[in-house]
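If you want the building blocks of each chain, they are given just below.
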Amino acid sequence: MSNFPFLSVLTVAPLVGALVVAFLPRRSPELAKQVAFAWSLLVLVLSVVMWVSFNAGGDRFQFRESYTWIPNWGVSFTFAADGIALVMLMLIAVLVPLVILASWHDAESSKRSIPVYFALLLILESTMIGVFAAADVFLFYVFFEVMLVPMYFLIGSYGGHQRQYAAVKFFLYSLVGGLFMLAAVIGLWVVGGKTFDWQALSQVDISTGTERWLFLGFFLAFAIKAPFFPFHTWLPDAGGAAPAGAAALLVGVLDKVGTFGILRYCLPLFPEASKWFAPWALALGVIGIIYAALLAVGQNDLKRLVSYTSIAHFGFIGVGIFAFTTQAGTGAVLYMLNHGLATGLLFLVVGMLVARRGSALISDFGGAGKLVPVLAGVLFFAGLASLALPGTAPFISEFLVLIGTFTVNKPVAVIATLGIILAAAYVLWMVQRTTQGTLNPALTEVDGMRRDLNLREKVVIAPLIALIVLLGFYPKPVTDVINPAVQATMDDIGKSDPAPSVGGTVQEAAK
């Protein structure tokens, strides 16, 4: 099966499914939902087969395919996946069917086409797979930009309050970042011998000044997409306005394109510039952890609160990347996966709660656990996973990031640790104000609050809970895939882990 064109098939399959769903009659919404769900399951099955076929001890990039596209520009449809990309592709394959199932009734209140809503989800899946699978810089840029379109319509056409403002803000921020990248992509093509092939460009020797400018062009685009402080302001608006399922994909997968881009493009292609900018990137990561956590504490909107928690979590990922140790790097990549699972679960559960109450304001809840105890329990579990409670998958990620960072930069690790305390504050306070305490009498008058989780909703959350617990106790199957790719990335930038001294302390990282 190693010769099977997994990546091109996985990229095209959801797009074909989207066309089928979009052209189904509007009077048959149930059929559209069923076809979209079945198609996403097909992608999941293919992704599982690809995961099993991947050889963790083999070549760095596997499942490579290349098809000529624009020969005069040196552009090809080139796909390849290392361990980092493979993990993100599996995250997409797992989340999309669950999001489709969770969004079964999300489009009904919008008075817009239900088949189009589910077609947009499949188009989004296609572009997300493409952006992680691309091994041609120009192809990556195309997917990076096209990915904005389905999310723009999901937010602007099917979202909630201020959806059009949030959709335009999301689109403009990402488009501006894309323009910086486009300039850097063109510059890289010029200095790289007029090719966009990643492997060829990774061998090009670029002058110091040019490398720094090119790095900055890519980094700004990825920092906006992630988002890192101070480029984060679009996310609370987009996450708050988007339908719960689209928001779960936005913070669970789409944002990871930024951190993935830094690992795949900024570090290997511009190693010296990466080291030169590292102190600034670490500073942005630490500020984002503390700043976003403080803002999350003061939120009264559940969806905006979850969005701010994601900004804080991306600060941890950024710190793990720019610490330049394999331990922190592995933790950062694992964090990308585990954050997608935990925050995806949190957003879906919050969406279920908001759909029942008809409001996302925390002040409109209070004591809801007395009416929907199972849903309240799942919200509590999702919150604990989000704050990285030991025994849940995010704890392993956070621990690796902090330990790996502490060996080379103690002040950054210590300050970042404060984010753990703040995370406990905003998560536990959120749970206390929504599901605990005295029952809000207004809740008893809302029909939706009398219904606990149904079978469909239990099917949505059960796999996510199982994965969060399983990876919390046994992350080895994932770390075995991630470690070789992270080590190769550290080799690309000429960094090695600090070695323990005879006295038992840890030496500073090699400069």
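The structure we're discussing is the one just above.
Residues numbered from 1 in each chain as written. Predicted model: local features only at pLDDT ≥ 70, side-chain atom pairs only at ≥ 80, totals over all residues. Heavy atoms only, no water.

A short note on the overall build of the protein
Then, in step 1: Each helix and strand counted, the protein has 20 helices and two strands in total.
Then, in step 2: In summary, the protein has a C-alpha radius of gyration of 22 Å against a globular reference of 24 Å for 511 residues, a match within 12%.
Then, in step 3: With the principal axes as the frame, the protein shows a C-alpha extent of 70 × 60 × 40 Å.
Then, in step 4: The buried share of the protein, taken over its 511 residues, is 60%.
Then, in step 5: For the protein, the proportion of contacts with a sequence separation of at least 24, taken over those separated by at least 6, is 80%.
Then, in step 6: Working note: accessible area of the protein is about 18,800 Å², and carbon and sulfur atoms make up 67% of it.
Then, in step 7: Here the protein contributes 29 positive and 27 negative side-chain charges, whose respective centroids are spaced 7 Å apart. (Helix = DSSP H or I, 4+ residues; strand = E, 2+ residues; numbered from the N terminus. Rg over C-alpha atoms; globule rule 2.2 N^0.38 Å. Buried < 20%, exposed > 50% of the residue type's maximum accessible area, 1.4 Å probe, protein only. Contact = heavy atoms within 4.5 Å. Areas by Shrake-Rupley, 256 points an atom, 1.4 Å probe, with all protein chains shown as cover. Lys, Arg positive; Asp, Glu negative; His and termini not counted. Charge placed at Lys NZ, Arg CZ, Asp CG, Glu CD.)

Details of helix 14 (residues 302-322)
Then, in step 1: Taking 1.5 Å as the rise per residue, helix 14 with 21 residues should run 30 Å; its terminal C-alpha atoms sit 31 Å apart, in good agreement.
Then, in step 2: Capping the start of helix 14, D301 holds a side-chain oxygen 3.0 Å from the backbone nitrogen of K303, two or three residues further along. (Expected span 1.5 Å × (residues − 1). Polar contact = N/O pair within 3.5 Å; in protein donor to acceptor, adjacent residues only side chain to side chain.)

Overview of the packing of aromatic side chains
Then, in step 1: The final tally for this structure, using the stated rule, is 32 aromatic pairs.
Then, in step 2: Considering the side-chain rings of F140 and Y265, the 4.5 Å spacing of their centres and the 40° angle between planes classify their relative orientation as tilted. Taken together, the residues span a long stretch of sequence, with F140 in helix 5 (residues 137-146) and Y265 in helix 12 (residues 256-269) at a distance of 125 residues.
Then, in step 3: Between F170 and W234, the aromatic rings sit 5.5 Å apart at their centres with planes inclined by 55°, giving tilted as the arrangement. Highlighted residues: F170 in helix 7 (residues 163-191) and W234 in helix 10 (residues 234-241), separated in sequence by 64 residues. For the pair formed by F170 and W234, the shared burial category is buried. (Phe/Tyr/Trp six-rings, centres within 6.5 Å; stacked < 30°, edge-to-face > 60°.)

Some details on the packing of helix 9 (residues 208-225) against helix 12
When two helices pack together, their arrangement is given by the angle between the helix axes and the distance between those axes.
Then, in step 1: Two elements in contact, helix 9 and helix 12, have axes separated by 7 Å at closest approach and are oriented at 160°. With respect to helix 12, the element helix 9 is oriented roughly antiparallel. Of the residues in helix 12, those in contact with F215, F218, F219, F222 and K225 of helix 9 are V257, G258, G261, I262, Y265 and C266.
Then, in step 2: A breakdown of the residues in the contact of helix 9 with helix 12 according to their chemical character gives eight nonpolar, two polar and one charged. (Axes fitted to C-alpha atoms, helices over the stretch in contact; angles between N-to-C directions. Parallel < 35°, antiparallel > 145°, perpendicular 65-115°, else oblique. Nonpolar A, V, L, I, M, F, W, Y, C, P; charged D, E, K, R; others polar.)

A look at helix 16 (residues 373-386)
Then, in step 1: Counted at 1.5 Å a residue, the expected span for helix 16 with its 14 residues is 20 Å, and the 20 Å between its end C-alpha atoms agrees.
Then, in step 2: Within helix 16 the residues assigned to the buried category are L375, A376, V378, L379, A382, G383, L384, A385 and S386.
Then, in step 3: Packed against the buried residues of helix 16 are helix 14, helix 15 (326-357), helix 17 (393-406), helix 18 (410-435) and helix 19 (455-473).
Then, in step 4: Count one or two residues on from helix 16 and you reach A388, which has phi positive near 65°.

Some thoughts on the pairing of strand 2 (residues 75-81)
Looking down a regular strand, the side chains alternate between one sheet face and the other.
Then, in step 1: With six of seven residues buried, strand 2 is to be regarded as a mostly interior element.
Then, in step 2: As defined by bridge partners, strand 1 (residues 62-70) adjoins strand 2 across six bridges and the pair is classed as antiparallel. Paired with Y67 across the two strands is F77, which belongs to strand 2.
Then, in step 3: Between strand 1 and strand 2, which pair antiparallel and follow one another directly, the connecting turn spans four residues, one of which, G74, has a positive phi of 75°. (Pairing = 2+ DSSP bridges.)

With respect to unusual backbone geometry
Then, in step 1: The residue after A226, namely P227, is reached through a cis peptide bond having omega -5°.
Then, in step 2: Relative to the elements of secondary structure, P227 occurs in the loop between helix 9 and helix 10.
Then, in step 3: Going from F229 to P230, the amide bond is cis rather than trans, its omega being 5°.
Then, in step 4: Mapped onto the elements, P230 comes out in the loop between helix 9 and helix 10.
Then, in step 5: We note that Q162 has phi near 55°; this positive angle belongs to a residue other than glycine.
Then, in step 6: In this structure, Q162 sits in the loop between helix 6 (148-158) and helix 7.
Then, in step 7: When its relative accessible area of 48% is taken as the criterion, Q162 is described as partly exposed.
Then, in step 8: Backbone geometry at F324 places phi at a positive 60°, although glycine is not the residue there.
Then, in step 9: Within the secondary structure, F324 sits in the loop between helix 14 and helix 15.

A word on the packing of helix 17 against helix 19
Then, in step 1: One can describe the packing of helix 17 onto helix 19 by two numbers: an axis separation of 6 Å at closest approach and a directional angle of 40°. Here helix 17 lies oblique to helix 19, going by the angle between them. Across from A393, P394 and I396 in helix 17, the residues of helix 19 making contact are I468, L471 and G472.

Details of the pattern of salt bridges
Then, in step 1: Applying the stated rule across the entire model yields nine salt bridges.
Then, in step 2: Residues D197 and R64 are paired through a salt bridge, measuring 3.0 Å at the closest nitrogen-oxygen approach. With D197 in the loop between helix 7 and helix 8 (198-201) and R64 in strand 1, this pair connects stretches of sequence that are 133 residues apart.
Then, in step 3: Assessed through its relative accessible area of 40%, R64 is described here as partly exposed.
Then, in step 4: Residue K476 pairs with D480 through a salt bridge whose shortest N-O separation is 2.7 Å. Placement of both K476 and D480 in helix 20 (residues 476-492) is noted, with a separation of four residues, approximately one turn of the helix.
Then, in step 5: Note on K476: relative accessible area 43%, which makes it partly exposed. (Salt bridge = Lys/Arg side-chain N within 4 Å of Asp/Glu carboxyl O.)

Section: the side chain of S174
Then, in step 1: Within the secondary structure, S174 is located in helix 7.
Then, in step 2: The class of S174 is buried, set by a relative accessible area of 3%.
Then, in step 3: Among all residues touching S174, those that are not within four sequence positions of it are E145, L148, I224 and K225.

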